[in-house]
2 protein chains.
Amino acid sequence: MAVVEGLTLLSEALAAGLRIEAVYVHDGVALDVPAGVPVRTVRPGAFEGIASTVSPQPVVAVVAVPRRQLADLGSPTLVVVAAGVADPGNLGTIIRSAEAAGADAVVATAGSVDVWSPKVVRASAGAVFHLPVIDGVALDDLVGLGLPLLGAVAEGGVDHDLVPLTDPVAIVVGNEARGLPPGLALDGLVTVRHQGRAESLNVAMAATVLLFEAARQRRRGGESPPRTDRSPTRVARR
Amino acid sequence: MAVVEGLTLLSEALAAGLRIEAVYVHDGVALDVPAGVPVRTVRPGAFEGIASTVSPQPVVAVVAVPRRQLADLGSPTLVVVAAGVADPGNLGTIIRSAEAAGADAVVATAGSVDVWSPKVVRASAGAVFHLPVIDGVALDDLVGLGLPLLGAVAEGGVDHDLVPLTDPVAIVVGNEARGLPPGLALDGLVTVRHQGRAESLNVAMAATVLLFEAARQRRRGGESPPRTDRSPTRVARR
């Protein structure tokens, strides 16, 4: 079960075809939900103790979430593994970026924050309903993905734009403070090349850059941007 | 003036050489600040009304922030313009990404959230102290950058990995709900190519992808990742 706050996220859960167990709504708020979904009216303020936002939404829904296994993924070609990501905003952003970059799934290890917590759901902007997400996976079971594991490290890996990312791969990101889990057998290391201070990228930003670099390489087949003298001033306007 | 919460951000402000007007610290917290910085002791709980975090830090500092003009930038080659970005977390992330991608500056228009608000400073992880940031700029004055203005749009622009970004350029991102300001004369439009739903990228993620694509193109000079049969499994481990 996941607790979903707000009309926007409830709409995303419905659009993804998830089963809504119940909807709780402030007295007086008009709500259009499919037949068969129980709607219960509560007095305004009733959510203040349970909702996670500072400004509680007038709608809270309880949603049945799909419990998938690694074996359900078939033959994925691009997966993100969150190995100990602790901050719900970071995990939600990673899931959102994974969907946008066209990844097949996000896998969260047992040491990561609950993917179905309200803050993760919100930070994912509903992507968690649309993309296959598998949580609570043990490190030893990641081999079941059948993919090489490419660990993202803050320094010492191969530059992200020099690592070939066109072949099937799982990109593994770690904990905000401790990095990748020590017991994990990786097949390679990648570092998002960046300037500025050492702390200048967080795990969600790094995952976003890596995912879109993988998408770019796969879309362009290694092709470069045109080396013409076109400058952005000559790019056609709509 | 900016109000800076927490020891980490205070350290970043000091590392950037900013002048600290005053430090307010919980009674009993040991603090090492340079000579001449006035430290005032407050009772625990005193920050609860003024601090922006849910869990108030034991240290709050008032920092003198540099007020720069567009003319101070010299001849920048990569700038991000936040044209009406309203969410402090988004603007802070944009500034953080700009520093990490090696941009020369961030310019915020008069319609954007205050770059020195505590939430922006925190989301920037202190990058706002290290990168030149110019705020309160009128749309008509952006011409003073001397750069072509490339507007980021959710759809209809040239794919981000097909736009040449090696020449000097200002990437312009708009408001979370309304997009780019209608009165702004742009030289081109770019769209971060993505899959999934229309809403699957927010402004901070889009800016991050665009900034790192510009950095990639400039670093590699249009060179592609090696087209070998190397897979990540054969990338050297450290």
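What counts and what doesn't
- Residues numbered from 1 in each chain as written.
- Chains lettered and ligands numbered in written order.
- Predicted model: local features only at pLDDT ≥ 70, side-chain atom pairs only at ≥ 80, totals over all residues.
- Heavy atoms only, no water.
- Helix = DSSP H or I, 4+ residues; strand = E, 2+ residues; numbered from the N terminus.
- Areas by Shrake-Rupley, 256 points an atom, 1.4 Å probe, with all protein chains shown as cover.
- Buried < 20%, exposed > 50% of the residue type's maximum accessible area, 1.4 Å probe, protein only.
- Arc of directions from axis to C-beta.
- Axes fitted to C-alpha atoms, helices over the stretch in contact; angles between N-to-C directions.
- Parallel < 35°, antiparallel > 145°, perpendicular 65-115°, else oblique.
- Contact = heavy atoms within 4.5 Å.
- Nonpolar A, V, L, I, M, F, W, Y, C, P; charged D, E, K, R; others polar.
- pLDDT = per-residue confidence, 0-100.
- Polar contact = N/O pair within 3.5 Å; in protein donor to acceptor, adjacent residues only side chain to side chain.
- Phe/Tyr/Trp six-rings, centres within 6.5 Å; stacked < 30°, edge-to-face > 60°.

**What about the overall build of chain A?**
Here's step 1: Assigned secondary structure in chain A consists of five helices and eleven strands.
Here's step 2: Entry remark: accessible area of chain A is about 10,000 Å², with carbon and sulfur atoms responsible for 49%.

**Description of helix H1 (residues 7–15) of chain B**
All names here are of chain B.
Here's step 1: Taken together, the buried positions of H1 are occupied by Leu9, Leu10, Glu12 and Ala13. Projected down its long axis, H1 shows its buried positions confined to an angular sector of 160°, all on one face. Opposite the packed face of H1, turned more than 90 degrees from it, sit the exposed residues Thr8 and Ala15.
Here's step 2: Remark: Gly17 follows H1 within two positions and exhibits a positive phi of approximately 80°.

**Section: the packing of helix H2 (residues 88–101) of chain B against helix H5 (residues 203–220) of chain B**
Residues and elements named next belong to chain B.
Here's step 1: Interaxial distance between H2 and H5 falls to 9 Å at its minimum, and their mutual angle equals 10°. Taken together, the axes of H2 and H5 lie roughly parallel to each other. Contact residues: H2 offers Asn90, Thr93, Ile94, Ser97, Ala98, Ala100 and Ala101, while H5 offers Val203, Ala204, Ala207, Thr208, Leu211, Phe212 and Ala215.
Here's step 2: Here the contact of H2 with H5 is composed, by residue class, of ten nonpolar, four polar and no charged.

**Section: the side chain of B:Thr109**
Residues and elements named next belong to chain B.
Here's step 1: Looking at the secondary structure, you find Thr109 in strand S6 (residues 105–109).
Here's step 2: With a relative accessible area of 5%, Thr109 lands in the buried category.
Here's step 3: Ignoring anything within four residues of it in the chain, the contact list for Thr109 reads Val81, Ala82, Ala83, Gly84, Gly136, Val137, Leu139 and Leu142.

**Topic: the confidence of the model for chain A**
Residue and element names in this part refer to chain A.
Here's step 1: For chain A, per-residue confidence averages 88 on the pLDDT scale, and residues scoring 70 or more make up 88% of the total.
Here's step 2: This model gives residues 224–238 a pLDDT under 50, and the stretch forms 36 contacts once residues within four places in sequence are excluded.
Here's step 3: For this predicted complex, the interface score ipTM comes out at 0.86, alongside a pTM of 0.88.

**Remarks on the side chain of A:Arg220**
Here's step 1: With respect to the helices and strands, the residue A:Arg220 is situated in helix H5 (residues 203–220).
Here's step 2: A polar atom in the side chain of A:Arg220 sits 3.0 Å from the side chain of B:Asp159.
Here's step 3: Excluding its chain neighbours within four sequence positions, the residues that come into contact with A:Arg220 are B:Asp159, B:Asp161, B:Leu162 and B:Arg193.

**A look at the packing of aromatic side chains**
To describe a pair of aromatic rings, one takes the distance between the centres and the angle between the planes.
Residue and element names in this part refer to chain B.
Here's step 1: Applying the stated criterion across every chain yields a total of two aromatic pairs over all chains.
Here's step 2: Both rings, one in Trp116 and one in Phe129, keep their centres 6.4 Å apart while their planes meet at 20°; by these two values the pair is stacked. Residue Trp116 is located in the loop between S6 and helix H3 (118–123), and its partner Phe129 is located in helix H4 (residues 127–130); the two are separated by 13 residues in the primary sequence. Pair check on accessibility: Trp116 and Phe129 agree, each one buried.

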